[in-house]
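Chain and residue survey
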Amino acid sequence: MTEPTNQSEKQSQSLTRSVSQAELQNGPQATWTIEDSEELYRINGWGEPYFSINAAGHVTVSPMGDRGGSLDLYELTNALKQRNLGLPLLIRFSDILEDRIERLNACFSRAIARYSYAGDYRGVFPVKCNQQRHLIEDLVRFGKPHQFGLEAGSKPELMIALALLDTPGSLLICNGYKDQEYIETAMLARRLGHTPIIVLEQIEEVELVIEASRKLNIEPILGVRAKLSAKGIGRWGTSAGDRAKFGLTIPEIIRAVEQLRSTDMLNSLQLLHFHIGSQISSISVIKDAIREAGQIYGELVKLGANMNYLDVGGGLGVDYDGSKTNFYASKNYSMQNYANDVVAAMKDACQQRGIAVPTLVSESGRAIASHQSVLVFDVLGTSDVISEIPELPADDDPLVLRNLYETYQSISVDNYQEAYHDATQFKEEAVSMFGFGYISLTDRARVERLYWACCRKILEIARQQDYVPDDLEDLEKIMASIYYVNFSVFQSAPDAWAIDQLFPIMPIHRLNEEPTCRGTLADLTCDSDGKIDQFIDLRDVKYVLELHPLKKNLPAEDGQFATGADSASHSQSTHEPYYLGMFLSGAYQEIMGNLHNLFGDTNTVHIKLTPKGYQIEHVVKGDTMREVLGYVQYDAEDLIENIRRRSEQALQEHQITLEESQLLLQNYERSLSRYTYLSS
Ligand SMILES: *Cc1c(COP(=O)(O)O)cnc(C)c1O
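Thresholds, definitions, all that
Residues numbered from 1 in each chain as written. Predicted model: local features only at pLDDT ≥ 70, side-chain atom pairs only at ≥ 80, totals over all residues. Heavy atoms only, no water. Helix = DSSP H or I, 4+ residues; strand = E, 2+ residues; numbered from the N terminus. Buried < 20%, exposed > 50% of the residue type's maximum accessible area, 1.4 Å probe, protein only. Contact = heavy atoms within 4.5 Å. Areas by Shrake-Rupley, 256 points an atom, 1.4 Å probe, with all protein chains shown as cover. 1 Å grid on protein atoms, 1.4 Å probe; cavity = no way out; pocket = protein on both sides within 12 Å on 5 of 7 lines; lining within 4 Å. Points joined across faces, edges and corners; volume = space filled by probe spheres on them. Pairing = 2+ DSSP bridges. Salt bridge = Lys/Arg side-chain N within 4 Å of Asp/Glu carboxyl O. Phe/Tyr/Trp six-rings, centres within 6.5 Å; stacked < 30°, edge-to-face > 60°. Lys NZ or Arg CZ within 6 Å of the ring centre and 35° of its normal. Patch = residues over 30% accessible without salt bridge, like charges linked within 9 Å, V, L, I, M, F, W, Y side chains within 5 Å. Near = heavy atom within 4 Å. Polar contact = N/O pair within 3.5 Å; in protein donor to acceptor, adjacent residues only side chain to side chain. Sits in = over half its atoms within 2 Å of the grid points. Nonpolar A, V, L, I, M, F, W, Y, C, P; charged D, E, K, R; others polar. UniProt positions renumbered as here; feature names shortened; annotations may be inferred. Axes fitted to C-alpha atoms, helices over the stretch in contact; angles between N-to-C directions. Lys, Arg positive; Asp, Glu negative; His and termini not counted. pLDDT = per-residue confidence, 0-100.

**Some details on the overall build of the chain**
- The number of helices and strands found in the chain is 25 helices and 23 strands.
- Principal-axis analysis of the C-alpha atoms gives the chain an extent of 100 × 75 × 60 Å.
- Residue burial in the chain is summarised as follows: out of 680 residues, 54% are buried.
- Nonlocal contacts in the chain, meaning residues at least 24 apart in sequence, comprise 76% of its contacts between residues at least 6 apart.
- As presented, the chain carries roughly 30,600 Å² of accessible surface, and 49% of it is formed by carbon and sulfur atoms.

**As for the layout of surface pockets**
- In this structure, the second largest pocket encloses a volume near 720 Å³.
- K128, R225, F246, H275 and Y588 are, among the 30 residues lining the second largest pocket, the residues nearest its centre.
- Those elements that place two or more of their residues in the lining of the second largest pocket are α14 (366–369) and α22 (589–592).

**Some thoughts on the sheet that holds strand β1 (residues 51–53)**
- Reading across the sheet, the three strands line up as β1-β2-β3 and stay open at both edges, with antiparallel pairing between neighbours. Edge positions in the sheet fall to β1 and β3 (71–72), since each of these pairs with one other strand and no more.
- Judged from the three bridges that link them, β1 and strand β2 (residues 59–61) form a sheet pairing that is antiparallel. By the bridge assignment for β2, S52 is matched with T60.

**Focus: the pattern of salt bridges**
- Counted according to the given criterion, the structure contains 29 salt bridges.
- One salt bridge connects D166 with K144, and the closest N-O pair in it is separated by 2.9 Å. On the criterion of sequence distance, the pair formed by D166 in the loop between α8 (155–164) and β7 (171–174) and K144 in the loop between α7 (133–143) and β6 (149–152) is long-range, its members being 22 residues apart.
- Taking the relative accessible area as the measure of exposure, K144 reaches 35% and is therefore partly exposed.
- Here E476 ties to R463 by a salt bridge, and the two come within 2.6 Å at their closest N and O atoms. One end of the pair, E476, is in helix α18 (residues 473–479); the other, R463, is in helix α17 (residues 441–464), and 13 residues separate them in sequence.
- Residue classification places R463 among the partly exposed positions, given a relative accessible area of 25%.
- If you follow the salt bridges from partner to partner, you end up with D66, R67, D99 and R103 in one network.

**Notes on the packing of aromatic side chains**
- All told, the structure shown has 19 aromatic pairs when counted by the stated rule.
- A ring pair is formed by Y483 and Y578, whose centres lie 6.4 Å apart and whose planes are at 50°; its orientation type is tilted. Of the two residues, Y483 sits in strand β14 (residues 481–485) while Y578 sits in the loop between α21 (565–568) and β21 (579–582), which places them 95 residues apart along the sequence.
- With relative accessibility at 1%, the residue Y483 sits in the buried group.
- Residue classification places Y578 among the buried positions, given a relative accessible area of 0%.
- These aromatic residues form a ring-pair network of at least three members: W46, Y50, F51 and F583.
- Above the ring of Y451, the side-chain terminus of K427 is found at 4.6 Å from the ring centroid.

**A word on a nonpolar patch on the surface**
- On the surface, a nonpolar cluster with roughly 310 Å² of combined accessible area is contributed by Y631, V632 and Y634.
- Among the secondary structure elements, V632 is positioned in the loop between α23 (625–631) and α24 (636–652).

**Overview of the site of the ligand**
- Taken together, the neighbourhood of the ligand is formed by 16 residues, with K128, S278, E363, G365 and Y588 sitting nearest.
- Between the ligand and E363 there is a distance of 2.5 Å, counted from a nitrogen atom to a side-chain nitrogen or oxygen.
- Contact between the ligand and Y588: an oxygen atom at 2.5 Å from a side-chain N or O atom of the residue.
- Using a 2 Å cut-off from the grid points, one finds that the ligand occupies the second largest pocket.
- A class-by-class count of the residues in the shell around the ligand yields two nonpolar, nine polar and five charged.

**Brief notes about the UniProt feature "domain: Arginine decarboxylase C-terminal helical" (unreviewed entry) in the chain**
- Sequence positions flagged by UniProt for "domain: Arginine decarboxylase C-terminal helical" (unreviewed entry) are, in local numbering, residues 625–678.
- Between the end C-alpha atoms of residues 625–678 there is a gap of 12 Å, over a span that is 72% helix and 0% strand.

**Some remarks on the sheet that holds strand β12 (residues 359–361)**
- Taking strand neighbours across the sheet as the criterion, the eight strands line up as β5-β6-β7-β8-β9-β10-β11-β12 in an open arrangement whose pairing is parallel. A strand with exactly one partner marks an edge of an open sheet, and here the two such strands are β5 (124–126) and β12. The mean angle between the axes of side-by-side strands here comes to 25°, regardless of whether they run parallel or antiparallel.
- Here strand β11 (residues 309–311) pairs with β12 via three bridges, running parallel. Across the sheet, L310 pairs through a bridge with L360, a residue of β12.
- Seen against the sheet, α8 touches β6 and β7 and runs at an angle of roughly 170° to β7.

**Regarding the side chain of D623**
- With respect to the helices, strands and loops of the structure, D623 is situated in the loop between β23 (613–620) and α23.
- It is R626 that comes nearest to the buried, bridge-free D623 among opposite-charge side chains, at 11 Å.
- Polar contacts involving the side chain of D623 include one to the main-chain amide nitrogen of D601, which spans 2.8 Å.
- Within the local environment of D623, its side chain forms a polar contact with the side chain of Y631, the two groups lying 3.2 Å apart.

**Focus: unusual backbone geometry**
- Along the chain, E48 connects to P49 via a cis peptide bond; the corresponding omega equals 0°.
- Here P49 is to be found in the loop between α4 (43–47) and β1.
- With a phi angle near 70°, N84 is a residue other than glycine that sits in the positive phi range.

**Looking at the pairing of strand β16 (residues 517–522)**
- By the criterion of burial, β16 is predominantly enclosed, with six of the six residues buried.
- Of the two faces of β16, the one lined by C517, G519 and L521 and the one lined by R518, T520 and A522 are each fully buried.
- Strand direction decides the pairing type here: β14 and β16, joined by four bridges, are parallel. Looking across to β16, one finds that Y483 is bridged to L521.

**Let's talk about the confidence of the model for the chain**
- For the chain, mean pLDDT is 91; residues scoring 70 or higher make up 91% of the total.
- Contacts of residues 557–571 to residues separated by more than four positions or lying in other chains number 17 contacts, the stretch itself having pLDDT below 50.

Have a look at this one:
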């Protein structure tokens, strides 16, 4: 369809041309392909086998991985919008959840076969990773063939696990701080056919457990969480080690064993647990931990405990940047490597001592829940650094302006670094002259515009170089556009704000067009931290994301994207919709998201593939304004009454007309039942 352009020709062209805004807006370069987008956004690295790009330039989702059909995410989004499900929209693919569970179990089965391990694997899902009912219900259902269980880390999570888990033979691991009520409830659950394992995390819990067991006359299954000296690295590295928050030190473990022995309960102690932190990026850390745990396990057998289970906790990582490295947003091992190492190390440890191998338990949360949800949100507008072609200064214009113009004209691949310093110096000179009243406000504006034009030209050259000099590194950031996006970082990606976690973010359409802009994202909150300005990259991170320029709206194409009742009262946007997706965000983000600025829960849909396409299994409408106001103790009726009274008063004082007051009240009341985000 288009003539391929020679790559070097393309480069040399842009070296000698200055790039204007008009050119930037000129749309797709003939040579840009979806393969270029694949490489740029690294979608194969982090997305396989679930996410890819189709010939139309849209992101597609293959929820069953390589085993089934696929969906066009852009078309799905439009179809959901037509069903009055506005953006931001959290789309959950239950088939992905199922595939993750299948995969994890298959990896352990293969490892068990490969090493002729004479024991089983019984995974559990840590409820804290995502407590949403529909998700836990799915998990339990999908986990049935594998006797997949649940892990609770608190009393409320225990309530969920007890009521929802109904898979015979699955484990219910009881972690977290415990009081008498927690322990008694867990013990009584044995009578319902559950297999609760109460993991001792604090030395005080030993007494509580002994007491409860006597009182109820139930023999519990107990576990002990060890503080390993092998430490995770990175963000959650301090979850292990002697000073970790949870777990028993080696002397405490010995004490617990003695306490249990003296009350004739040592038979109850059957499980050894450790958790060295989340998102372990290096396989060597995992190996060290298992080696150490294997020794402790063997010692516990020697001390007379009735050991049956080794629970390796969570930590199985997710490759957010697709680099397959031990960078914090990645991991240098596969799920299969992980399973192999757990199985092989435990087999070795047991063989060495001539003891039976345990049932292996893992508590992988992130690796199970991350992939299944995608947040789709729209861009509301952009703010760009001006970059018009500057006009030639007149002879009587200030010298500094004429100098700057000369610099602008001289910029080339040979002097761009020097030119950057000259331009910066001239601009600073102009600012200081303005301070002394030597140049006018208009001239200062011309200097600034000219300065940005220089920067744009320099940046275009710098981008073509293999190596960007240090002093020019910030230029990309300074020149970046701001893309205003319709979501709250605090609600939908709290970890991006709190701990600089990286999530893959990319447009879900127009991927057959070159993204000629560079931008950062600013969210809806009026908090300057409500932004995303770090993105995944092959090496380290990048500070700007390649994005497309917004396309001006073509005059009324008859509400192609009308969103039903919601759109009726809102003005049409001035640009065509531009949708971005945030991927791999299904773990931890939802429950940690908060109501900053009173932006509430987003709309959520559960999508399941069917032979004919897909089916919407559940719709969970996001919070309305009435709901979020209720969380902070406002009663909507009181608020309306308040406004009614004030407009009555204003009417009497002739400050407002009857029509105006009716309109105000109507808007106010209607708003209360609407979504907290903007409708586009
Ligand atoms: C948080 C947690 C997990 C889950 O960890 P992931 O890294 O998400 O797999 C497992 N076990 C315990 C004890 C935890 O606290």
